[in-house]
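Close look at the chain arrangement
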Amino acid sequence: MNERAVGAVANPADHRLAETIAVETGELLVEFREQAFSQPYSPWAVQDEADQMAHRFIVQRLADERPDDEVLSEEGHDDRARLGHDRVWIVDPLDGSNSYSDKGADDWAVHIALAIDGQPECGAVAMPSLGDVVSTAEPATVPPSLRERPLIVVSRQTWHWHGYELEAALDADVVGFGSAG
């Protein structure tokens with residue numbers, strides 16, 4: 001049995017922190033997006049700048065709140081120092097960045113998770129355009145499915161590669177979405 005190091009346990013404050021940072025980052029991204037849309041903009045420039053802004057914000061908040069923890073961010077450099085740490089925050093500052101730069105899209109999100117000893121312990125997904133957040137701080141009750149066939153959500157970008165194969169192999173309905181988290 002793999003025993004955890006003393007202190008390497010998620011606590012209620014970790015769950016709340018994941019949620020809080022996801023929501024705060026989402027608020028920053030909504031504000032930045034509104035400013036970008038109020039003037040001529042390049043979708044790629046908006047995506048890139050928003051991704052980096054969100055990354056810097058999240059990394060700084062985690063450094064302030066959990067200075068002994070490591071961070072693995074989709075937008076950051078992985079120096080692999082995280083491999084020697086019990087607690088690693090795993091973040092995608094702007095999931096669905098293509099959708100983010102599309103004025104009519106709301107399928108983008110902020111992902112914040114904490115792994116302890118390589119196991120997921122807590123996390124949050126904020127969906128700012130929808131005004132919603134899903135978090136382990138207060139896990140939602142999932143109602144029983146009313147569907148006859150499973151529903152699988154995949155990244156819209158990979159839909160054309162895998163969607164039809166999944167539908168056939170699993171006898172499921174597959175839909176593409178900008179942020180599949």
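Refer to the preceding data block for the structure.
Residues numbered from 1 in each chain as written. Predicted model: local features only at pLDDT ≥ 70, side-chain atom pairs only at ≥ 80, totals over all residues. Heavy atoms only, no water.

So, on to the pattern of salt bridges. Throughout the structure, instances matching the rule amount to 8 salt bridges. D14 is the partner of R87 in a salt bridge, and the nearest nitrogen-oxygen pair spans 2.9 Å. One end of the pair, R87, is in strand β2 (residues 87-95); the other, D14, is in helix α1 (residues 12-37), and 73 residues separate them in sequence. A network of salt bridges, in which partner residues are shared, links D14, R66, D69 and R87. (Salt bridge = Lys/Arg side-chain N within 4 Å of Asp/Glu carboxyl O. Helix = DSSP H or I, 4+ residues; strand = E, 2+ residues; numbered from the N terminus.)

For any pair of aromatic rings, the description rests on two quantities: the centre-to-centre distance and the angle between the ring planes. Tallied over the full model, the rule gives 2 aromatic pairs. Note on F37 and Y41: the rings are 5.1 Å apart at their centroids and 50 degrees apart in plane angle, and the pair reads as tilted. In this structure Y41 comes out as partly exposed when scored by relative accessible area, which is 26%. (Phe/Tyr/Trp six-rings, centres within 6.5 Å; stacked < 30°, edge-to-face > 60°. Buried < 20%, exposed > 50% of the residue type's maximum accessible area, 1.4 Å probe, protein only.)

Okay, the side chain of H111 next. Its place among the elements puts H111 in strand β3 (residues 109-116). Within the structure, the side chain of H111 is placed 3.3 Å from the side chain of D95, a separation counted as a polar contact. (Polar contact = N/O pair within 3.5 Å; in protein donor to acceptor, adjacent residues only side chain to side chain.)

Read from one edge to the other, the open sheet built from 5 strands follows the order β1-β2-β3-β4-β5, with strand pairing classed as mixed. Either end of the sheet is taken by a strand with one partner, and the two such strands are β1 (70-73) and β5 (132-135). The sheet shows a mean angle of 15 degrees between the axes of neighbouring strands, direction not considered. Bridge analysis of β2 against β3 gives 7 bridges, and the strand direction is antiparallel. Across the sheet, residue V88 finds its bridge partner in β3, namely A115. Across the sheet, helix α2 (residues 43-65) lies against β1, β2 and β3, angled at about 155 degrees from β2, the strand it touches most. (Pairing = 2+ DSSP bridges. Axes fitted to C-alpha atoms, helices over the stretch in contact; angles between N-to-C directions. Contact = heavy atoms within 4.5 Å.)

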